[in-house]
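Fold and geometry: a report
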Amino acid sequence: LAVPALRRQIPLVTNAAIRAELVLLLGLYQDPRNVPDLMDLLRAPKFAARAVPVLEGSTGVDLKSVPDRISAIENWWRGNKDVAQWQWLLDGLRRAEVPTKLTSDNFASDGGMSSVPELARLMVDVEYSRLWVLCSAVLRTVTKKDFGVVTEQTPPDTRLGIAGRYRLVAESAAAEKR
């Protein structure tokens with residue numbers, strides 16, 4: 001409910017600082033449609049430092065370790081703006097050499113909730129915060145449930161609790177099919 005409401009407000013706001021805060025707030029939900037607005041904030045010195053982790057969590061792209069963040073995200077966006085967010089996650093996991101059982105088959109139209117156990121595991125176990133944040137976004141999309149915002153600062157025990165709730169949704173869906 002928050003994402004559509006925030007998306008509607010952004011074009012209406014004329015004050016640049018308030019608009020930037022709305023974009024950053026929306027960024028906490030990793031909405032892929034928000035990436036261009038976050039890229040704009042990356043160009044603004046006043047907001048760039050706050051935009052980096054939000055962009056990383058939305059896209060899975062490691063911006064903290066590149067010298068030219070703007071060029072890096074612009075180049076990435078040109079090649080990925082029409083790609084599903086779950087594919088961004090798979091690409092990010094591959095780039096970071098994170099072992100996973102996930103494949104594109106898990107996200108095919110008949111994949112159902114098959115990705116949920118592995119996404120939940122990754123959200124807790126993966127070393128890179130940008131990827132655990134992106135896992136939470138993909139979990140929200142796959143399950144159509146929201147059990148709380150996950151950020152770079154979300155502690156492991158909180159992520160574990162959220163992951164458990166997503167696993168329960170997948171298990172319940174599997175039980176209904178039987």
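Just above, that's the structure.
A look at the side chain of Thr 143
Following the sequence through the fold, Thr 143 ends up in helix H8 (residues 129-143). Look at Thr 143 and you get buried, because its relative accessible area is 5%. Among the polar contacts listed, one links the side chain of Thr 143 to the backbone oxygen of Leu 139, at a separation of 2.7 Å. Only 3.2 Å separates the side chain of Thr 143 from the backbone nitrogen of Lys 145, close enough to count as a polar contact.

Things to note about the pattern of salt bridges
For the structure shown, the criterion picks out 10 salt bridges. Here Glu 152 makes a salt bridge to Lys 64, at a shortest N to O gap of 2.3 Å. With Glu 152 in the loop between H8 and helix H9 (156-177) and Lys 64 in the loop between helix H4 (48-59) and helix H5 (69-80), this residue pair connects regions lying 88 residues apart in the sequence. Of the charged contacts, one joins Glu 118 and Arg 121 as a salt bridge, the two residues approaching to 2.8 Å between their closest N and O atoms. Note that Glu 118 and Arg 121 are positioned in helix H7 (residues 116-125) at a spacing of three residues, about one turn of the helix. In this structure Arg 121 comes out as partly exposed when scored by relative accessible area, which is 29%. Counted as one network, the salt bridges with shared partners bring together Asp 40, Arg 43 and Glu 74.

Brief notes about the nonpolar core
The biggest cluster of nonpolar side chains holds 56 residues, and the ones touching the most others in it are Leu 89 and Leu 119. The biggest single contributor to this core is H8, with nine residues. Sequence-distant contacts of Leu 89, defined by excluding residues within four places in its chain, comprise Leu 102, Leu 119, Leu 131, Leu 134, Cys 135 and Val 138.

Here's the deal with the environment of Arg 43
Structurally, the position occupied by Arg 43 is in the loop between helix H3 (35-42) and H4. Its relative accessible area of 37% is what places Arg 43 among the partly exposed residues. A sequence separation of 27 residues divides Arg 43 from Ile 70, and the C-alpha atoms of the two residues are 6.9 Å apart. At a separation of 3.3 Å, a polar atom in the side chain of Arg 43 contacts the main-chain carbonyl oxygen of Met 39. Here the side chain of Arg 43 touches Asp 40 through a polar contact of 2.8 Å, side chain to side chain.

Some thoughts on the environment of Leu 6
Mapped onto the elements of the fold, Leu 6 is located in helix H1 (residues 2-9). The contact partners of Leu 6, leaving out residues within four places of it in the chain, are Leu 22, Leu 25, Leu 26 and Tyr 29.

Some thoughts on helix H6 (residues 85-95)
Taken residue by residue, H6 has Gln 85, Trp 88, Leu 89, Leu 90, Asp 91, Gly 92 and Leu 93 as its buried positions. Those residues of H6 that are buried are in contact with H3, H4, H5, H7 and H8. Backbone geometry just downstream of H6 places Glu 97 in the positive-phi region, at approximately 55 degrees.

Remarks on H9
With 22 residues, H9 should cover 32 Å at 1.5 Å per step; its first-to-last C-alpha distance of 32 Å lies within 8% of that length. Those residues of H9 that fall on the buried side of the exposure criterion are Arg 159, Ile 162, Ala 163, Tyr 166, Val 169 and Ala 170. What you see down the axis of H9 is that its buried residues fit within an arc of 110 degrees, all on one side. Turned more than 90 degrees away from the buried face of H9 sit Asp 157, Leu 168, Glu 171 and Glu 176, all of them exposed. Here the buried face of H9 lies against H7 and H8.

Structural notes on unusual backbone geometry
In this structure, Gln 30 takes a positive phi of about 55 degrees despite not being glycine. Along the polypeptide, Gln 30 turns up in the loop between helix H2 (16-27) and H3. One non-glycine residue with positive phi stands out, namely Glu 97, at about 55 degrees. Considering the arrangement of structural elements, one finds Glu 97 in the loop between H6 and H7.

Cut-off values and rules
Residues numbered from 1 in each chain as written. Predicted model: local features only at pLDDT ≥ 70, side-chain atom pairs only at ≥ 80, totals over all residues. Heavy atoms only, no water. Helix = DSSP H or I, 4+ residues; strand = E, 2+ residues; numbered from the N terminus. Buried < 20%, exposed > 50% of the residue type's maximum accessible area, 1.4 Å probe, protein only. Polar contact = N/O pair within 3.5 Å; in protein donor to acceptor, adjacent residues only side chain to side chain. Salt bridge = Lys/Arg side-chain N within 4 Å of Asp/Glu carboxyl O. Core = buried A, V, L, I, M, F, W, Y, C linked by side-chain atoms within 4.5 Å. Contact = heavy atoms within 4.5 Å. Expected span 1.5 Å × (residues − 1). Arc of directions from axis to C-beta.

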